[in-house]
Amino acid sequence: MSAGETGIAARLAAVRAQIAQAAFAADRKADDVRLVAVAKTHGIAEIAEALACGQTDFGENRVQEAQAKYPTLRAAGHLLSLSLIGPLQTNKVKEAIALFDEIQTLDRPKLAAALAAEIARTGKAPRLWIQVNTGAEPQKAGILPDAADAFIAACRTQHGLAIAGLMCIPPADEPPAPHFALLAAIAARNGLHLLSMGMSSDYATAIALGATHVRIGSAIFGARAVPPV
Ligand SMILES: *Cc1c(COP(=O)(O)O)cnc(C)c1O
């Protein structure tokens, strides 16, 4: 496929423009919002195309899928930052710490303990975010909002982890704004400054409510052929 055919460059430019516009409308600077390009189900060629457009931050849901793509890109000399935005099993912590610069889905004590042990063993400390299940959906990962303050405190004091921010995925069938506002409130009262919220359909709303990181997939790479499981 020749340059331009996939539309990634044009879509990426459009997303960047909309981020700048949403930031401006919220009296914020465009530079205060980082764009994490979510490349799950998309291949190395498409990621390379985004890299060629100056995109450096990427997000993936699955450790194994990421292992199949990013070591190759890094070996080719690409400088990129990789965020895990999908659930992490404790038996994948070693691989996750080796590969990811950020882990956005810390959500339970057992995982905090496993991350702390691997960070101590390797000396490699990815930036950690706690995922909050703002909609209290039974099928969704994330600490429940009522338990978030205590969990953040336990991560810090009991496990010695530096927590950088909070992440949420609002329920698909509800207006996202109350969920973004709840996440921002939990962050503020716990002294956390980073907020990962907003996806292709709602990132302008998330930016209005303080998102510092938006995770955008389909608006950049197009529709996913395989639905994420
Ligand atoms: C897939 C995914 C995204 C991106 O979703 P789009 O709607 O394609 O922008 C963002 N965050 C998480 C956690 C995801 O799994």
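Figured I'd write up the structure that's included with this text. Within each chain, residue numbers correspond to sequence positions counted from 1 in written order. With pLDDT at 70 or above as the cut-off, local features in this predicted model cover only qualifying residues; side-chain atom pairs require 80 or more to be listed or tallied, and sums for whole chains, interfaces and linings still use all residues. Hydrogens and water are ignored here; the side-chain numbers use all heavy atoms of the structure.

1. Digging into the side chain of Ser-83
To keep things clear, this is the line we draw: Numbering of helices and strands starts at the N terminus; helices are DSSP runs of H or I of at least 4 residues and strands are runs of E of at least 2. The rule is simple: take the accessible area with a 1.4 Å probe, protein chains only, and divide by the maximum for that residue type; under 20% is buried, over 50% is exposed, in between is partly exposed. We call two residues contacting when some pair of their heavy atoms lies within 4.5 Å.
In this fold, Ser-83 is placed in strand S3 (residues 81-84). Looking at Ser-83, the relative accessible area reads 4%, which means it is buried. Aside from chain neighbours lying at most four places away, what touches Ser-83 is Phe-58, Gly-59, Glu-60, Phe-100, Glu-102 and Gln-104.

2. As for the site of the ligand
Put simply, the rule is: Whether a residue is near a molecule or strand depends on its heavy atoms: if one lies within 4 Å, it is near. Pairs of N or O atoms are called polar contacts if they sit within 3.5 Å, as long as, within protein, a hydrogen donor faces a hydrogen acceptor (for residues adjacent in sequence, only side-chain-to-side-chain pairs). Accessible surface area values rest on a Shrake-Rupley calculation with a 1.4 Å probe, where residue burial reflects the displayed protein chains alone. Three residue categories are used. Nonpolar comprises Ala, Val, Leu, Ile, Met, Phe, Trp, Tyr, Cys and Pro, charged comprises Asp, Glu, Lys and Arg, and polar comprises the others, including Gly.
As a structural note, the neighbourhood of the ligand is formed by 13 residues, with Lys-40, Ser-200, Gly-217, Ser-218 and Arg-224 the closest of them. Between an oxygen atom of the ligand and a side-chain N or O atom of Asn-61, the distance comes to 3.0 Å. One of the side-chain nitrogen or oxygen atoms of Arg-215 is found 2.8 Å away from a nitrogen atom of the ligand. Compared with its free state, where it exposes 380 Å², the ligand has 91% of that area covered by protein. Residues of the shell around the ligand, tallied by class, amount to six nonpolar, four polar and three charged.

3. Details of helix H2 (residues 44-52)
Among the residues making up H2, those that are buried are Ile-47, Glu-49, Ala-50 and Leu-51. Turning to H2, the residues buried within the fold contact helix H1 (8-25), strand S2 (57-60), helix H4 (70-75) and helix H10 (218-221). Looking one or two residues past H2, Gly-54 carries a phi angle of roughly 90°, positive in sign.

4. Focus: the nonpolar core
Put simply, the rule is: Here, nonpolar core means buried Ala, Val, Leu, Ile, Met, Phe, Trp, Tyr and Cys residues that are tied together by side-chain atoms lying within 4.5 Å of each other.
Within the largest apolar cluster, 61 residues are counted, with the highest numbers of intra-cluster contacts made by Phe-58, Tyr-70, Leu-106, Ile-130 and Leu-166. At six residues, H1 tops the list of elements feeding residues into this core. Once you skip the residues sitting within four places of it in the chain, Leu-106 turns out to touch Leu-111, Ala-112, Leu-115, Leu-128, Trp-129, Ile-130, Gln-131, Phe-151, Cys-155, Leu-161 and Ile-163.

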